[in-house]
Amino acid sequence: MKFLSTILIQTSRNLQKTWPSQFMTLLTVSLSVLIFSFFFLIYINIIKAGESFGDDLRLTIYMEEEPVVEMQVELVRKITNFSPVEEIRFTSREDAFNKLAAQLGDNVDVLDDLDPSFLPPSIEVLPKKDLSSLTQIKRFSEYLSTLPGAIKVQYGQDWVERFNYFTKLLRIIVVLSGILLILTTTFMVAYTIRLAVLARQAELEILRLLGATSSYIRTPFLIEGFLQGVFGSSLGLVALYFLFQWLEMHFTGPGFLQIVDFTFFSPLIIGIIILASIFLCTGGSYSSMRKFMRI
Amino acid sequence: MVEIVRATKIYPPDVVALEDISLSVRKGEMLFLTGMSGAGKTTLLKLICGIEPPDKGMVEVIGKDLNRLKPKEVPLLRQQIGVAYQDFKLLPDRTVAQNIAMAMEVAYLNLKTIKKRVIALLQQLRLEHKHEALAGNLSRGEQQRVAIARAVANSPSLILADEPTGNLDSKTTSLVMKLFEQFNSWGTTIIIATHEESIFRKSDHRVIELHSGRFVQSEERTTTTLNYML
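Figured I'd write up the structure that's included with this text. Computed from a prediction, not measured in an experiment: that's the story for all the values here. (Residues numbered from 1 in each chain as written. Chains lettered and ligands numbered in written order. Predicted model: local features only at pLDDT ≥ 70, side-chain atom pairs only at ≥ 80, totals over all residues.)

Some thoughts on the overall build of chain A
Point 1. Within chain A, the regular secondary structure consists of ten helices and four strands.
Point 2. Secondary structure elements of chain A occur, N-terminal to C-terminal, as α-α-β-α-β-α-β-α-β-α-α-α-α-α.
Point 3. Over its C-alpha atoms chain A spans a radius of gyration of 31 Å, topping by over 25% the 19 Å that the globule rule assigns to 295 residues.
Point 4. With the C-alpha coordinates aligned to their principal axes, the bounding extent of chain A is approximately 100 × 40 × 30 Å.
Point 5. Of the contacts made within chain A by residues no fewer than 6 positions apart, 87% connect residues no fewer than 24 positions apart. (Helix = DSSP H or I, 4+ residues; strand = E, 2+ residues; numbered from the N terminus. Rg over C-alpha atoms; globule rule 2.2 N^0.38 Å. Contact = placed C-beta atoms within 7 Å.)

This is how it looks when you write it as C-alpha cells:
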C-alpha cells in the first residue's frame, strides 16, 4: 500500500512536470487509435455485410434441355461430389416463364405474344456458407459449367469480384493503419519517456544515491506509459463513437449504411483495442527506460 | 559498522587518491576525518557509501562487503546511510520540504511521518520558514543545512557528512553539530569529513587525519595539524 501510494505520488509529480509533452503524446496515441479503429470498424462491418450477402449467394446453371429425372439424379450426384451444397433446385422452362410473369406483375401482358418455352431451363445451386472466398466460388462455377447440357453459369461475378477487391483494399488499409498505430504509439511514448528521463537525469541520480530501488524509479515511467495507453485509446474510441453516431444520424435512410447495417465495436473488441494500446505504450516506455536509464 | 582493509583508490591515469588505507569504525562512534583539500577525505566517504569501488582492498559497511554486494542490495544499504554531500546534491526546482522528503519517500515511509519529520528537522536547523521555498533560491549555507537535514531524515544507521559546515557561520555550525551529537547519542555512527579544526578541537571523538591518500599517525597528526593551523 505504501509502495503504491508513494509510486502514485511520484507519477503524478512527474506528470505535472512533463504535462505538455505527455499531452501531445496522448493526442498522438488517440489519433492513431482513431485512424486505425475507423478503418477497422468499416472493415469488420463490410465483412459482416459480405457474410450476409454470402447467405444469398446462388449459382444458376442454364441448361440446353430440361434434364430428365435420371439425369437430375446424376447431376445432383456430380454437383455434391464436387462440393457439398445447401440446396439444388431444378427450374423447368414453364417454371421460369411463370416466375418471370410473377416478377413483371402488372406488366405481365408484355409476355402475351411470347412462347412460354422461350426461357432456358436452369438449376439453382445454393452453396454451403463455408464457400466464401472468390477463388472457391470461381472454381465451383467453372466446374458447374462443365456439367453435361450446361450453357452458362451465373452468380453475379462482377459484383462478387468488386466486393472482393474492396474488402482486400480495406484489409490493406487496416493493416497499414495498424502498423501506423504500432509505430506512432510505441515511438511517441518511447520518445516522451526518453525526454522525461533525460530531463530528470539529475533527479534520478540523486534518487539512486538516496537508495531508491529500481522499481521506485522505473514504475512511475511504466505507469505513465500505461496511462497513455488507457487514456489515449479511450479518447480515440470515444471520438470514433461520436463520429459513428454522427454518420448514423446523417446517413440513415435508403443508402449504403442501411444495406450494410453498421454496428459499433463489441465490448470485446473495444477491450482488445485498449489492451493492445496499453501493451504498446507500456512497451514503448519500457524500451526507452532500458536504453536511457542507467540503474 | 565500517571496516576498511588495505583499500587503494587510483583515478585514471595515475592519481592515487587513497593508498593502502585501513580503518575500523565502531557502531555508535563519531569520527572526524580531517586533512587538507585533496587529501582523500571525499574519496574515502565515497568508498564507504559505495559510490566508488576500491581498486584494491576491502570495504565492509553495516556488515556488508561492498565488493560482494548484489545490485539489488545496494539501494537497501544506501537507505541505511545518510550522506550530506559537499555539493549538496539538492534539486533546485523542488521545495526544501520536497528535497528532505525524498530520502524518506525512497524508503516508502508514510506521508504523515514524512511531513512530521520534515517539520521537526527544519525547526531544529532553524529553517522552518523555508519549508516551501525552492532549494535553488536558498543561500549556500541554507542549502547545506537542507542537505544535512536530508541526510539524517531517514534515521540512518550511518551518517557521512562531507564538509558539513563549510558554508556556515559559527552559530549555525554549532546547531548542525548539535544535531549530529543528538543522532550520535541515539546510537548512530557518524563520520564527518572536515578541514575545520574548530569543530573537533574540543571534542572527545576520534580524529583521523589524511594526507596524500594515507592516514597520518597520531603523533604525526599533532604536528601536521599544528602546521596546518599555522
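Observations regarding the overall build of chain B
Point 1. Secondary structure assignment for chain B yields eight helices and ten strands.
Point 2. Taken against the 2.2 N^0.38 rule, which gives 17 Å for 230 residues, the C-alpha radius of gyration of chain B at 17 Å falls within 12% of a compact globule.
Point 3. Based on the C-alpha atoms only, the size of chain B along its principal axes is roughly 45 × 45 × 35 Å.
Point 4. Sorting the 230 residues of chain B into buried and exposed places 43% on the buried side. (Buried ≥ 20, exposed ≤ 12 C-beta atoms within 10 Å, placed from the backbone.)

So, the packing of helix α8 (residues 214-250) of chain A against helix α10 (residues 267-292) of chain A
All names here are of chain A.
Point 1. As a packed pair, α8 and α10 sit with axes 8 Å apart at the nearest point and diverge in direction by 145°. The way α8 lies across α10 gives a crossing that is right-handed.
Point 2. Class assignment of the residues belonging to the contact of α8 with α10 gives a composition of 13 nonpolar, ten polar and two charged. (Axes fitted to C-alpha atoms, helices over the stretch in contact; angles between N-to-C directions. Left-handed = near helix turned anticlockwise from the far one by under 90°. Nonpolar A, V, L, I, M, F, W, Y, C, P; charged D, E, K, R; others polar.)

Focus: the nonpolar core
Point 1. Counting 73 residues, the largest nonpolar core has Ile48, Ile100, Val146, Ile148, Ala149 and Leu160 of chain B as the members making the most contacts within it.
Point 2. In this structure, Val189, Phe221, Ile273 and Met289 of chain A belong to the second largest nonpolar core, which totals 21 residues. (Core = buried A, V, L, I, M, F, W, Y, C linked by C-beta atoms within 7 Å.)

What about the interface of chain A and chain B?
Point 1. In this assembly, 13 residues from chain A lie in contact with 14 residues from chain B.
Point 2. Contributing elements (two or more residues each) for the side of chain A that touches chain B: α1 (2-17) and α7 (201-210) of chain A.
Point 3. Ranked by residues supplied to the side of chain A that touches chain B, first place goes to α7 of chain A with six residues.
Point 4. For the side of chain A that touches chain B, the residue count by class is eight nonpolar, three polar and two charged.

Considering the sheet that holds strand β5 (residues 64-65) of chain B
Residue and element names in this part refer to chain B.
Point 1. Strand order in the open sheet formed by four strands is β2-β1-β4-β5, and the pairing between neighbours is antiparallel. Whereas interior strands pair on both sides, the edge strands pair on one side only; in this sheet they are β2 (15-25) and β5.
Point 2. The pairing of strand β4 (residues 56-61) with β5 spans two bridges and is classified as antiparallel. Paired with glutamate 60 across the two strands is aspartate 65, which belongs to β5. (Pairing = 2+ DSSP bridges.)

A few points about the sheet that holds strand β9 (residues 206-211) of chain B
All names here are of chain B.
Point 1. Ordered by their spatial adjacency, six strands build an open sheet running β6-β7-β8-β3-β9-β10, and the pairing between neighbours is mixed. In this open sheet, the two edge strands, each paired with only one partner strand, are β6 (81-84) and β10 (214-216). Taken pair by pair, the neighbouring strands of this sheet meet at an average axis angle of 25°, ignoring direction.
Point 2. Two elements, β6 and strand β7 (residues 158-162), share four bridges in a ladder whose sense is parallel. Looking at β7, one finds that isoleucine 81 is bridged to leucine 158.
Point 3. On top of the sheet, helix α6 (residues 170-185) reaches β3 (30-34), β7 and β8 (189-193); it is set at about 150° to β8, its chief contact.

Here's the deal with unusual backbone geometry
Residue and element names in this part refer to chain B.
Point 1. Cis geometry is found at the peptide bond from proline 12 to proline 13, where omega equals 0°.
Point 2. With respect to the secondary-structure elements, proline 13 resides in the loop between β1 (2-11) and β2.
Point 3. With phi around 55°, tyrosine 108 is a residue other than glycine that occupies positive phi space.
Point 4. Structurally, tyrosine 108 can be placed in the loop between α3 (96-105) and α4 (111-124).
Point 5. Positive phi, normally seen in glycine, also occurs at glutamate 163, with a value near 50°.

Here's the deal with the pairing of β4 of chain B
Residue and element names in this part refer to chain B.
Point 1. Pairing between β1 and β4: five bridges, direction antiparallel. Bridged to threonine 8 within β4 is lysine 56.
Point 2. Joining the antiparallel neighbours β4 and β5 is a turn of two residues, in which isoleucine 62 adopts a positive phi near 50°.

Section: the environment of isoleucine 100 of chain B
Residue and element names in this part refer to chain B.
Point 1. You can see isoleucine 100 is positioned in helix α3.
Point 2. A tally of 31 C-beta atoms within 10 Å means that isoleucine 100 is categorised as buried.
Point 3. Sequence-wise, isoleucine 100 and isoleucine 148 are 48 residues apart; in three dimensions their C-alpha atoms are separated by 8.9 Å.

Examining the packing of helix α5 (residues 140-153) of chain B against α6 of chain B
Residue and element names in this part refer to chain B.
Point 1. Packing of α5 against α6 brings their axes to within 11 Å, and their N-to-C directions diverge by 5°. It follows that α5 is roughly parallel to α6 by the angle criterion. In this structure, α5 contributes Gly141, Arg145, Ile148 and Val152 to the contact, and α6 contributes Thr172, Val176, Leu179 and Phe183.
Point 2. Across the contact of α5 with α6, the residue classes break down as five nonpolar, two polar and one charged. (Parallel < 35°, antiparallel > 145°, perpendicular 65-115°, else oblique.)

By themselves, these figures tell us nothing about what the structure is for.
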